[in-house]
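Chain residues, written in single-letter form:
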Amino acid sequence: MPLTKPEILRRYRRQARHYDASVVLYYLIGFRQAAYRKQAVAALGLQPGDTVVELGCGTGLNFAHLQAVVGAGGRIIGLDLTDQMLDEARARVQRAGWTNVELVCGDAAAYDYPPRVDGVLSTFALTLVPEYDEVIRRGAAALSPEGRFVVLDFKKPEHAPRWLLHLMLLVTKPFAVTLDLAQRHPWESMEMHLAEVVMRDYYFGFTYLAMGKAPR
């Protein structure tokens with residue numbers, strides 16, 4: 001069964017300090033996580049000076065990619081449920097000297113967005129949220145007319161060798177990703193709440209990137 005929010009919170013609190021190092025496990029099986037993250041940021045279509053909200057920002061692994069597109073005049077809001085993960089993100093921000101990053105500890109399903117949002121991003125986080133449909137609905141409603149919502153996450157592929165499925169579950173287990181969670185379909189909610197949704201798969205279909213535009 002999927003872990004509850006308190007259980008997920010406890011797990012990520014324990015892993016926060018070593019989270020960045022632990023994602024190296026993915027590279028050992030050829031999972032190009034950093035490349036997928038860059039493509040997710042590129043799919044947002046952000047411009048210098050834009051405002052972007054990252055849901056489940058964790059330790060801030062995407063911040064450098066976002067900074068490269070919004071620039072010092074832009075605004076990055078990182079939201080995460082886990083205080084210890086945000087402590088690591090805050091340390092990253094301080095080391096880099098970024099002054100345009102705001103960190104918020106809270107639940108993505110209840111977050112109140114600022115008046116103007118040009119992009120909403122979630123990488124390897126949304127599938128953990130039981131209320132993912134509400135998260136997507138609220139994010140879609142907050143987008144500016146040209147804004148985009150991008151999700152990069154895990155899913156269960158339709159046709160995967162059993163050995164590879166077990167291997168991926170073994171690697172993702174420390175991050176609270178189970179087979180039950182991988183069977184959730186957030187992209188279907190994106191199709192309901194956003195316009196012109198496109199989706200592509202990576203890594204034998206275990207990962208997907210979905211992008212939707214602000215509803216008309």
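These remarks concern the structure in this document. Source: prediction; values computed, not measured.

This part covers helix α6 (residues 83-96). Three- or four-residue spacings in an α-helix give side chains the same orientation, since the helix completes a turn every 3.6 residues. Relative to the 20 Å expected for 14 residues at 1.5 Å per residue, α6 spans 20 Å between its end C-alpha atoms, a close match to the ideal helical length. Regarding α6, the residues found buried are M85, L86, A89, R92 and V93. The buried residues of α6 all sit within an arc of 110 degrees when viewed along its axis, so they share a single face. Exposed positions of α6 whose direction lies more than 90 degrees from the buried face are Q94 and R95.

Moving on to the environment of D80. As for its placement among the helices and strands, D80 is situated in strand β2 (residues 75-80). A residue is classified by how much of its surface remains accessible, and D80, at 10% relative accessible area, is buried. As for D80 and D107, which are separated by 27 residues in sequence, their C-alpha atoms are 7.0 Å apart. Setting aside residues up to four positions removed in sequence, D80 forms contacts with G56, C57, G58, M85, L86, V104, C105 and G106. Here G58 takes part through its backbone nitrogen, which lies 2.8 Å from a polar atom of the side chain of D80. Here T82 takes part through its backbone nitrogen, which lies 2.9 Å from a polar atom of the side chain of D80.

A separate point is the pairing of strand β7 (residues 207-213). Among the seven residues in β7, six count as buried, and that is most of the element. Here strand β5 (residues 143-154) pairs with β7 via seven bridges, running antiparallel. Bridge assignment links L152 to a residue of β7, and that residue is L209. As defined by bridge partners, strand β6 (residues 195-202) adjoins β7 across six bridges and the pair is classed as antiparallel. Each residue of the ladder has a partner; that of R200, found in β7, is L209. Adjacent in sequence and paired antiparallel, β6 and β7 are bridged by four residues, among which Y203 carries a positive phi angle near 50 degrees.

Criteria and thresholds
Residues numbered from 1 in each chain as written. Predicted model: local features only at pLDDT ≥ 70, side-chain atom pairs only at ≥ 80, totals over all residues. Heavy atoms only, no water. Helix = DSSP H or I, 4+ residues; strand = E, 2+ residues; numbered from the N terminus. Expected span 1.5 Å × (residues − 1). Buried < 20%, exposed > 50% of the residue type's maximum accessible area, 1.4 Å probe, protein only. Arc of directions from axis to C-beta. Contact = heavy atoms within 4.5 Å. Polar contact = N/O pair within 3.5 Å; in protein donor to acceptor, adjacent residues only side chain to side chain. Pairing = 2+ DSSP bridges.

In short, geometric facts, not functional conclusions.
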